[in-house]
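# Summary of the model geometry
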Amino acid sequence: LSPIMIDTTFTYSSPFPDTFVFGVAAASAQIEGAAFADGKGESIWDRFARQPGKVAHGDTLDVACDHYHRFDEDFALMAAMGVKHYRLSIAWPRLYPEGDGDLNPAGLAFYHRLFDSMERHGITPWVTLFHWDLPQSLEDRGGWTSRVTVDAFARYADTVVREFGQRVKNWITLNEIRCFTMLAYGYGTKAPGRRESAAVVNQTFHHALLCHGHGVRAVRAHGGEGARVGLTDNCDVSVPVTESPADIAAAQAWFLDKNLHVLGAIHGRGYAPAYLQRVGADAPKVEPGDFDLISLPTDFLGLNIYTATYVRAGREGQPYEALNLPPNYPRADSAWLHLVPQAIYWATRMCHELYGHGSIYITENGCGYNEEPVVNGEVIDLHRRDYLRNHLREVHRAIADGVPVDGYFLWSFIDNFEWEDGYQRRFGIVHCDFDTQARTPKLSARYYTDVMRTRTVL
Ligand code: GBH
């Protein structure tokens, strides 16, 4: 057997660096509700959720956590929990009901009220420009398959950064390109639920990457002093089965291979030829200057990390072998969410070592379960407490090994609309009763409060 290398000098008890950011995350479509209030346009998720069989139990986004009307109360609760950083997203169809065309002043006014409230509560915003709620009007004109969406996004991004650039300094362009392109236009499990060819899916990827570039451009142009911008990716993460050099090299090769189309792209160098060669006849239509826009330098990389694939050295000349998990391998109630906390360590380390990213934020990490009842005013989610603890230890380990992880945002502040899984699947550290809108901090919220206060993994 080859040796397993374990760094025995590592200790969990030392505090996180002073500059390390602890936060919580959510997204507009998942918590705001008020889906048709004050001039908001229909989003592709509003439409998708109304189609039979697309979302569990026929749940819609109409009310969600009613955060649109309760944000003040929610920020007061965050402040009481010691939360100082909150990652949120802006609903594109609130600002531009048709995606392009007329700007809706009531939409701008809402986000000004929201940022006012955050400021009063001492909470710093981290704003994602796009977290999947595409205006339906753009979908009607082709959605992510069409370059019309890219032009509309460029205008939307300019508007948002101009309007809020004085109060928002941390910008995230897009959330998880793979989900709103491949899963939405290839597998059809996410809105708009289309099943298109590989060539069309590749085109949606290319358009999404261009929007990322426009987001970076908009922040540079209008963000003002101190503005920073990055992409949030859900890279496919590999964890070496043992920490032997051969398995680590295999895991790295797998990681590069699986993430070429997003991480490789934004990183620039050498991406275009490798990518275009791989997709061959299914290559997207590209215009001059596209790759320059896509690979504009960013200030940080955001990673949403939930799970991983185990990889070991390949046999018979193969560069790697990904393992199939046994059926009884532990997972959360989301079938994809196998419990592999080392994912955080390896994803951040590989992004640093392979792509040279100098500042990495975990922009989401968390777990979803179905049954989390409030009993005598309490939710005893020890399973989530352990999930957080195990994952925070891996963040700590990455930092100890010199990986520049500068922050961690827990997904999610509150139970919310979990896309095609609806309201049944709960990711919050605050319980939401979707009948009464009562908020109840779970045991995991108290744990996270102590972590943030002591800046130590307890
Ligand atoms: C994130 O996606 C989202 O950003 C967030 O909005 C969401 O609420 C949260 O995580 C929890 O899910 O169709 O079987 O191939 C997480 C990453 C990647 C998880 C795609 C689900 C689909 C599994 N997602 N994955 S499958």
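Structure: above.
Residues numbered from 1 in each chain as written. Predicted model: local features only at pLDDT ≥ 70, side-chain atom pairs only at ≥ 80, totals over all residues. Heavy atoms only, no water.

### What to know about the overall build of the protein
For the protein, the helix and strand inventory stands at 16 helices and 13 strands. The C-alpha radius of gyration of the protein comes to 21 Å, within 12% of the 23 Å expected for a compact globule of 458 residues. Along the first, second and third principal axes, the C-alpha atoms of the protein reach 65 × 60 × 50 Å. Taken over 458 residues, the protein has a buried fraction of 58%. Considering only contacts within the protein whose residues lie at least 6 apart along the sequence, 77% involve residues at least 24 apart. If the 43 positive side-chain charges of the protein are averaged to one point and the 56 negative ones to another, these points end up 1 Å apart. (Helix = DSSP H or I, 4+ residues; strand = E, 2+ residues; numbered from the N terminus. Rg over C-alpha atoms; globule rule 2.2 N^0.38 Å. Buried < 20%, exposed > 50% of the residue type's maximum accessible area, 1.4 Å probe, protein only. Contact = heavy atoms within 4.5 Å. Lys, Arg positive; Asp, Glu negative; His and termini not counted. Charge placed at Lys NZ, Arg CZ, Asp CG, Glu CD.)

### Section: empty space enclosed by the protein
The tally for this structure, following the rule as stated, stands at two cavities of 30 Å³ or more. In this model, the largest cavity occupies a volume close to 80 Å³. Taken together, S28, A29, E32, G33, A35, K40, S43, D46, L61, A91, R94 and D133 make up the full set of residues lining the largest cavity. A class-by-class count of the residues in the lining of the largest cavity yields four nonpolar, three polar and five charged. Roughly 40 Å³ of internal volume is contained in the second largest cavity. Lining the second largest cavity are A27, S28, I31, E32, H67, Y86, L88, S89 and L114. (1 Å grid on protein atoms, 1.4 Å probe; cavity = no way out; pocket = protein on both sides within 12 Å on 5 of 7 lines; lining within 4 Å. Points joined across faces, edges and corners; volume = space filled by probe spheres on them. Nonpolar A, V, L, I, M, F, W, Y, C, P; charged D, E, K, R; others polar.)

### Side note on helix α12 (residues 271–279)
The set of residues buried in α12 consists of Y271, A272, Y275 and V279. Axial view of α12: buried residues confined to an arc of 85 degrees, hence all on one face. Opposite its buried face, α12 presents the exposed residues P273 and Q277, each directed more than 90 degrees away. Along its buried surface, α12 packs onto α9 (198–222), α11 (260–267) and α13 (290–294). (Arc of directions from axis to C-beta.)

### Section: unusual backbone geometry
Put simply, A191 and P192 share a cis peptide bond, and its omega is 5 degrees. Position of P192 relative to the elements: it lies in the loop between α8 (177–187) and α9. With an omega of 10 degrees, the peptide bond running from W411 to S412 counts as cis. At D66, a residue that is not glycine, the phi angle is positive and equals roughly 50 degrees. Along the chain, the position of D66 falls in the loop between α2 (44–49) and α3 (67–81).

### A few points about the layout of surface pockets
If you add up the space inside the largest pocket, you get close to 760 Å³. Forming the boundary of the largest pocket are 31 residues, of which E176, C179, N234, T307 and W336 lie nearest the centre. Counting residues per element, the lining of the largest pocket draws most heavily on α8, which supplies four residues. Split by residue class, the lining of the largest pocket holds 15 nonpolar, eight polar and eight charged.

By themselves, these are just geometric observations and shouldn't be taken as functional.
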